[in-house]
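So you can see what is in the structure, the chains are spelled out below.
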Amino acid sequence: MFHALELPLAREQVRALAVGDMVTLDGVITVSIGLPTHQRMVQAVAHGDQTLPAALRGGAFFHLSTCLREGRDGPQPLYINPSTSTRYNAWMPALVRGLDLRLTGGKGGLDAASAQALRDTGCVYLSFLGGGSPLLSRGLRGLVSSCWDEYIPQFRLLTLRVAAFGPATVAIDAHGNSLYAQLREQAQARMPHLLQRLDAARQASLQKPPGAPE
């Protein structure tokens, strides 16, 4: 099913999304790919730090990389591209719960602890197309705010306005269902048959007399 989502989302809207659904986003998102940024965000949440962008709470936070270009009207996002979310597994449960996120995402999924946090709070993980920068960048509409500007742009907390941004796939829904888990189970189910075929091919090759044609 396809959903054109307008942000911010109510929790009921998030829980209505199912694994495999496709979405586009209109509204405001916050992005960063910085490891130190994630660590600092967790510390800020724990201490009630008000330096975090207001749009984060109950909002959308993605592992998307972007660079800013100085324009006539100030800095503008130049491009946007997904980063591998598993790099941030250590911090995501605390961020999902502490910021009451509705959406998060990037590429590659999140671990079981993060998926449990999504289920506990009513948040989904969106998978963006790896290498899909030309398509995703069409949805950029401008910079809303930039937080922690001592970092390079890709590591800052950048809040962006987007329109028809995506498409993205609901890869982990708010009920604990995961495309990654499904694919892993399918691969594990197929593994004995594949190993059996490989072993049969190896045995057949060993039984061939020397010099026999392939």
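Structure: see above.
All of the points below concern the structure found in this document.

What counts as what
- Residues numbered from 1 in each chain as written.
- Predicted model: local features only at pLDDT ≥ 70, side-chain atom pairs only at ≥ 80, totals over all residues.
- Heavy atoms only, no water.
- Helix = DSSP H or I, 4+ residues; strand = E, 2+ residues; numbered from the N terminus.
- Buried < 20%, exposed > 50% of the residue type's maximum accessible area, 1.4 Å probe, protein only.
- Areas by Shrake-Rupley, 256 points an atom, 1.4 Å probe, with all protein chains shown as cover.
- Expected span 1.5 Å × (residues − 1).
- Arc of directions from axis to C-beta.
- Contact = heavy atoms within 4.5 Å.
- Phe/Tyr/Trp six-rings, centres within 6.5 Å; stacked < 30°, edge-to-face > 60°.

1. With respect to the overall build of the protein
Secondary structure assignment for the protein yields six helices and nine strands. Counting the 214 residues in the protein, one finds 44% classified as buried. For the protein, the accessible area works out to roughly 11000 Å², and carbon and sulfur atoms hold 55% of it.

2. What about helix α2 (residues 35-46)?
The end-to-end C-alpha distance of α2 is 17 Å, a good match for the 16 Å that twelve residues give at a rise of 1.5 Å each. Within α2 the residues assigned to the buried category are Thr37, His38, Met41 and Ala44. Down the axis of α2, the sector holding all buried residues measures 120°, keeping them to one side. Structurally, α2 contributes buried residues whose contacts are with β3 (60-62), α3 (92-98) and β9 (157-172). Of the residues trailing α2, Gly48 is marked for its positive phi of about 65°.

3. Structural notes on the packing of aromatic side chains
Within the structure shown, the criterion is met by two aromatic pairs. Note on Phe62 and Phe128: the rings are 5.2 Å apart at their centroids and 80° apart in plane angle, and the pair reads as edge-to-face. Here the residue Phe62 occupies a position in strand β3, and Phe128 occupies one in strand β7 (residues 124-128), the gap between them amounting to 66 residues. Here Phe62 matches Phe128 in class, with each residue buried.

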